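Summary of the model geometry
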Amino acid sequence: MDVIILCSSSSCCSKFKNGCAVTVTGTKSSVLSCNEAFGGIGIGDLKVLPSGLRLNWKKHKKKQLGLSGFVIRSSFDGVTVKKKPESSMSSEEVYRVLKSMSDPNQGFSFFNSMAELPRVIHTTETCNYMLEMLRAHERVEDMVVVFDLMQKQIIKRSINTYLTIFMGLNVRGGLREAPIALEKMRKVGFVLNGYSYNGLIHLLLKSGFCREALKVYRRMVSEGINPSLKTYSALMVALGKRRDTETVLGLLQEMESLGLRPNIYTFTICIRILGRAGRIDEAYGILKKMDDAGCGPDVVTYTVLIDALCNAGKLNNAKELFLKMKLSSHKPDRVTYITLLDKLSDRGDLDAVKEFWSEMEADGYLPDVVTFTILIDALCKVGEVDEAFDTLDVMKEQGVAPNLHTYNTLICGLLRLNRLDEALGLFESMEALGLETTAFTYILFIDYYGKSGNFDKAIKTFEKMKTNGIVPNIVACNASLYSLAEQGRLEEAKEFFNGLKNCGLAPDAITYNIMMRCYGKAGRVDGAIKLLSEMEENGCDPEVVTINSLIDTLYKADRVDEAWKMFQRMKEMKIAPTVVTYNTLLAGLGKEGRVQKATALFRGMIADGYSPNTITFNTLLDCLCKNGEVDLAFKMLFRMTEMNCVADVLTYNTVIYGLIKENRVNYAFWLFHQMKKVIYPDHVTLCTLLPCVVKNGQIEDAFRVAKEFVHHVGDHADGPFWEDLMGGILIEAEIGQSILFAESLVRNGICEDDSVLIPLVTFLCRHGKAGDAYNVFLKLTNSFSIKPSLEAYNVLIDGLLKARLSEIAWGLFYEMKNAGCTPDVFTYNLFLDVLGKSGKIKELFDLHEEMLFRGCKPNTITQNIVIFGLVKSNNLDKAIDLYYDLMSGDFSPTPWTYGPLIDGLLKFGRLEEAKQFFEEMLDYGCRPNCPLYNILINGFGKNGDVETASELFRRMIKEGIRPDLKSYSIMVDCLCMVGKVDDALLYFEELKLSGLDPDLVCYNLMINGLGRSRRVEEALSLYDEMQNRGITPDLYTYNALILNLGIAGMVEEAGKMYEELQLSGLEPNVFTYNALIRGHSMSGNPDSAYAVYKNMMIGGCRPNTGTFAQLPNQS
């Protein structure tokens, strides 16, 4: 019998530092490993106790031993150990070991020992787990140590980081209690740095807690820590949404007083907020301040101010500002033109519309459906309907399809001129064009007939509307308006609403309610409030439903104070609140996490004589469970029966969710059984409960629940149900537990198809475990006779190919065909793509022939794959021939058709042909996308033609295509290659202003470009900025800096950078050493150069020709 003894006590193994593992075979024993993390932890299926453990070795001999070593079966049935370097543990391994520990002393010791190792990096996950363990044992001082480590090592602090700390300090109410929690944190030793404060403010804003974020900001400033520009901008945006203009302006002054210079984005936010508030003069003041500060406005700034001027009726000022834009370096863009054209059209200023239209085209902005419709509307409003129809023809010729709004505009114009027959003809043609008419279109004719006195025709049109399902009385109109409002189609709803008044139908309270909701959904809260005033002016008394709708709209717009003022105003309007009013307010408070105020409102509601309903309780329970007050939620649940209120499925699901969230699985399971006594669980109940039951190891219990549910619901336990259930289990539980649960379902006939197999395979493939997915697939299909569907095969084949397990994928492909499962176009495309990318053209065409033989019709993706494969295998001309053969048929090319062809031409230096293909693409009506432009820009840039590359970049923007991160990175790379580093910097800064964040590649390109231009100080500044943004440098970063520092004669700094590289856990390569050698050689330090060479050889790094070229000649 073989025995393993694992021990951490000094009496057991006194000559080892802490814990050790010993194997005993017969009478011999040997030490396997010794590690202080081994005291009382679970390793695989073993439980290792501090005092030692004996168990049968044969049962566990293949299990992983743990942190320091793993066991291998030997030929003589003994045990050998391969030592695994402790300093190279991954974060996942650290987390796994931490989770296996229950002793906080042991866990904290292990956590700290890992933090001291240079190649082990703690993550948010490991730190949060450590914080939770310490919180559970009330070790606040040690929590301070963990948090301080997170700050020093720049480990991201998540919401859970702060919530765990808050709970450890007995602060309830969730993240919104941050201002209170920070005071307590300070008292016990938590000291937040600037990065933590900025992060916490952003978390609060993201969670909708604007006021709390502002309090945290005040505390931050009071401690002498300056917030970042990004933090100021985020605060301003959030406050702007609340219409808190004064606070926004106060923030601007405060940041300036702290010596922080606002950027374009910050100033533009202020201008937008002032513009919306109608404070135009102050908005202009901000514009002047920008100029004085040397921070010139950009196109967005100007457009924002133009929109504000137009909304304030100051069109002349808007035009003047537009002309100023034209003369500046920030030319108007498409949004600028649309803003002006729309406002001028509303004013009926056709000449001005045409003038700006011409300028828009001259600036290279092609008209689209929006701009064409604005022009048509302007023409119709001044009676130029024939010209409007000419414009419609031009619109179609240019490939711009008119929409319903375009045709409604034309019908309006025709009816204004009494050209009824033409209007009816146009109306009839709309159906042939596939445009579904709305009630507004009918009302146009009803209004016309009514005003013309032709009431019979009006009645006939009324009947026609009813026949088509649209009844033009106020009730039917309200129903139509409701559908528009629910879809968020505000502009059409406004047309319809205005049409009601035009045809003599007076909106009632319901009409106004619907319109207010529509405004609210579109985020136009001020429009909704304006409707309330209009409603009262028109003698239509608001109902409680109206106020409820407005309170809901204000809450959703995060204008909380106004919502409560509206609630208080109800008394003045002599409108009694209803249970819906209270439910709306409770929902808002729940969203904010304001538990105490929600419970106070609930008590006040009862005191005022309003009986809560099930929705009231469900809303309050949701608030409590999401904010850590599950015990109070339990009390509320039992109180429901006392108040004659029946709990529904949602009630129980909410409380079960709260219990699961706090990992109180047994309580949740108990409540589930109580629930079954009164109401049957639903799909959501199981998907909430069972993942954590399986995670808790109660697989048999989970199986029994699933079995009972399936027998109860029958066919309703379909594919989507199993997909949701297995998806939740896979996220929560270990993969092994998930597979055991799936096997039990299949083995017992609960799920007889591949509904549980597909989620398992999908999850494993997505997480890079395609091999495991294949093994699960084989087990469930072979051992349990599950017949896999085409979907199951496709998911697995896709995963295997992505994991480069091509041989297994091909075997599965042959197997599915032999099993009678016919591959579809998706299956064939997967294999064709692999063959194309590997340059196996003969095999590609053989498979293509098989596809046709089996009657599987290739799609556009198939043909694109073939073209790509030909280009990849240097058969560019054959790819072009295939393209033209396809175009002679009914093939519809996409940007992915042209991408490989243009890329191939550019790589072969055939630039003119590439240009021709691009223009041909446009002729065929195929609009380019961002990736295609990236190919063009990169091709011309890498060929040294950066002027054309820059033109293509600008053209992309003019066509309304937003550049992505790769677009900017390509421009930076190409400009740095030709030495235009200042231009590259402009693109780099523009990237940050565009709302995108530079990644490691982009920073590396810019750092290297600056270094090569001997601007190493700027390169080092970017290096610091990159790390402040949480981006970890890689070997390329260090090599570029070491090389360029050495060339600049800053050899000592290069050496420090080399030391930093080693501390980061990276291994230097031949280019690192070459850079160091070159730096020492150029600085006249041959001994140092040869010392580096010696270290290089000792470290096992092979020199290349560049190494010897850099070494100085020995005398």
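Residues numbered from 1 in each chain as written. Predicted model: local features only at pLDDT ≥ 70, side-chain atom pairs only at ≥ 80, totals over all residues. Heavy atoms only, no water.

**Points about the overall build of the protein**
Looking only at helices and strands, the protein features 59 helices and 7 strands. Considering the protein as a whole, with its 1115 residues, one finds that 51% of them fall into the buried category. Taking the contacts inside the protein whose residues are at least 6 apart along the sequence as the reference set, 59% of them involve residues at least 24 apart. Roughly 52900 Å² of accessible area belongs to the protein as shown, and the carbon and sulfur atoms make up 52% of that amount. (Helix = DSSP H or I, 4+ residues; strand = E, 2+ residues; numbered from the N terminus. Buried < 20%, exposed > 50% of the residue type's maximum accessible area, 1.4 Å probe, protein only. Contact = heavy atoms within 4.5 Å. Areas by Shrake-Rupley, 256 points an atom, 1.4 Å probe, with all protein chains shown as cover.)

**A few points about the packing of aromatic side chains**
Scanning the entire structure with this criterion turns up 38 aromatic pairs. Here the aromatic rings of W564 and F567 are separated by 5.8 Å at their centres, their planes lie at 90°, and the arrangement is edge-to-face. Separated by 3 residues within a single helix, W564 and F567 lie in helix α28 (residues 560-572), roughly one turn from each other. Each member of the pair, W564 together with F567, is buried. Here a set of aromatic residues connected by ring pairs shows up, and it is made of W810, F813, Y814, Y828 and F831. The ring of W564 has K597 lying over it, and the distance from NZ or CZ to the ring centre is 4.3 Å. The ring of Y667 has R664 lying over it, and the distance from NZ or CZ to the ring centre is 5.1 Å. (Phe/Tyr/Trp six-rings, centres within 6.5 Å; stacked < 30°, edge-to-face > 60°. Lys NZ or Arg CZ within 6 Å of the ring centre and 35° of its normal.)

**Description of the nonpolar core**
W722, F741 and M1006 are the most contacted members of the largest nonpolar core, which has 216 residues in total. Beyond its immediate stretch of four places on either side in the chain, F741 contacts L690, V694, I699, A702, F703, A706, L725, M726 and I729. Among the nonpolar cores identified, the runner-up in size contains 133 residues, and V140, L251, L426 and L500 belong to it. (Core = buried A, V, L, I, M, F, W, Y, C linked by side-chain atoms within 4.5 Å.)

**Concerning helix α29 (residues 579-592)**
An α-helix turns once every 3.6 residues. As a result, residues three or four positions apart point the same way. A rise of 1.5 Å per residue sets the reference length of α29, with its 14 residues, at 20 Å; its end C-alpha atoms lie 20 Å apart and thus fit the reference within 8%. Taken across its 14 residues, α29 has 11 buried, putting it largely inside the fold. Downstream of α29 by one or two residues, G593 has phi in the positive range, about 75°. (Expected span 1.5 Å × (residues − 1).)

**Some details on the environment of T762**
Here T762 is to be found in helix α39 (residues 757-766). Look at T762 and you get buried, because its relative accessible area is 18%. Counting along the chain gives 11 residues from T762 to A773, while the straight-line C-alpha distance between them is 7.9 Å. One polar contact links the side chain of T762 to the main-chain carbonyl oxygen of I758, over a distance of 2.7 Å. (Polar contact = N/O pair within 3.5 Å; in protein donor to acceptor, adjacent residues only side chain to side chain.)

**Focus: the packing of helix α16 (residues 350-362) against helix α17 (residues 369-381)**
Closest axis-to-axis distance for the α16/α17 pair is 9 Å, and the angle between their directions is 155°. Between α16 and α17, the angle falls in the class roughly antiparallel. Every pair of crossing elements has a handedness; the one defined by α16 and α17 is left-handed. Across the interface between the two elements, L350, V353, K354, W357 and M360 of α16 pack against T371, F372, L375, A378 and L379 of α17. Of the residues belonging to the contact of α16 with α17, the class tally is 8 nonpolar, 1 polar and 1 charged. (Axes fitted to C-alpha atoms, helices over the stretch in contact; angles between N-to-C directions. Parallel < 35°, antiparallel > 145°, perpendicular 65-115°, else oblique. Left-handed = near helix turned anticlockwise from the far one by under 90°. Nonpolar A, V, L, I, M, F, W, Y, C, P; charged D, E, K, R; others polar.)

**Re the side chain of R176**
Assignment of secondary structure puts R176 in the loop between α5 (159-168) and α6 (178-188). Given the relative accessible area of 6%, R176 is considered buried. Leaving out residues up to four positions away in the same chain, R176 has contacts with L204, F209, R211, E212, E592, G593 and R594.

**Concerning the environment of T373**
Following the sequence through the fold, T373 ends up in helix α17. T373 gets classed as buried once you look at its relative accessible area, which sits at 5%. The spacing of T373 and Y407 is 34 residues in sequence and 8.8 Å in space, taken between C-alpha atoms. If we ignore the near neighbours within four places in the chain, the residues touching T373 are M395, N403, H405, T406 and T409.

**Focus on the packing of helix α25 (residues 509-521) against helix α27 (residues 544-556)**
Packing of α25 against α27 brings their axes to within 9 Å, and their N-to-C directions diverge by 5°. Comparing the axis directions of α25 and α27 gives the class roughly parallel. Note on element contacts: α27 touches α25 through V545, T546, S549, L550 and T553, opposite A509, N513, M516, R517 and G520.

**As for the pattern of salt bridges**
According to the stated counting rule, one finds 56 salt bridges in the structure shown. Between E959 and R955 there is a salt bridge; the shortest N-O distance is 3.1 Å. Of the residues examined, R955 reaches a relative accessible area of 27% and is grouped as partly exposed. For E1025, the salt bridge goes to R1029, with nearest N and O atoms at 3.7 Å. Residue class for R1029 comes out partly exposed when judged on its relative accessible area of 37%. Several salt bridges share partner residues, and in doing so they unite E989, K992, D997, E1025 and R1029 into one network. (Salt bridge = Lys/Arg side-chain N within 4 Å of Asp/Glu carboxyl O.)

**Describing the side chain of T301**
Along the chain, T301 turns up in helix α13 (residues 299-311). Setting aside chain neighbours within four positions, we find T301 in contact with I264, T268, I271, L287 and M290.

**Considering unusual backbone geometry**
Positive phi is not limited to glycine here, since N170 has a value of about 60°. In this fold, N170 is placed in the loop between α5 and α6. Relative accessible area serves as the criterion here: at 65%, N170 is assigned to the exposed category.

**Description of the environment of C1101**
By the element assignment, C1101 lies in the loop between α58 (1086-1098) and α59 (1105-1110). Its relative accessible area of 15% is what places C1101 among the buried residues. C-alpha of C1101 to C-alpha of V1070: the two residues are 31 residues apart in sequence and 6.3 Å apart in space. Setting aside anything within four residues of it in sequence, one finds C1101 in contact with N1069, V1070, Y1073 and M1096.

**A few points about helix α32 (residues 630-642)**
Taking 1.5 Å per residue as the helical rise, α32 with its 13 residues ought to reach 18 Å, and the 19 Å between its terminal C-alpha atoms agrees with that figure. Among all positions of α32, only V630, A633, F634, M636, L637 and M640 are buried. Taken around the axis of α32, the buried residues stretch over an arc of 165°, which confines them to a single face. Structural note: α32 exposes K635 and E642 on the side pointing more than 90 degrees away from its buried face. For α32, the elements touching its buried residues are α30 (595-607), α31 (614-626), α33 (649-661) and α34 (665-676). Downstream of α32 by a residue or two, N644 has a phi angle that is positive, lying close to 55°. (Arc of directions from axis to C-beta.)

**So, the confidence of the model for the protein**
Averaged over every residue, the pLDDT of the protein is 83; residues scoring 70 or more account for 88%. Counted against residues more than four places away or in other chains, residues 1-85, with its pLDDT under 50, gives 150 contacts. (pLDDT = per-residue confidence, 0-100.)

**Regarding a nonpolar patch on the surface**
A surface patch of nonpolar side chains, about 260 Å² in accessible area, is lined by V237, Y265 and L993. Among the structural elements, V237 can be located in helix α9 (residues 229-241). (Patch = residues over 30% accessible without salt bridge, like charges linked within 9 Å, V, L, I, M, F, W, Y side chains within 5 Å.)

**Here we look at the state of the cysteines**
As enumerated under the stated definition, the model contains 0 disulfides in all. The structure places no disulfide on C976, whose sulfur is separated from the nearest cysteine sulfur, that of C1002, by 9.2 Å. (Disulfide = S-S within 2.5 Å.)

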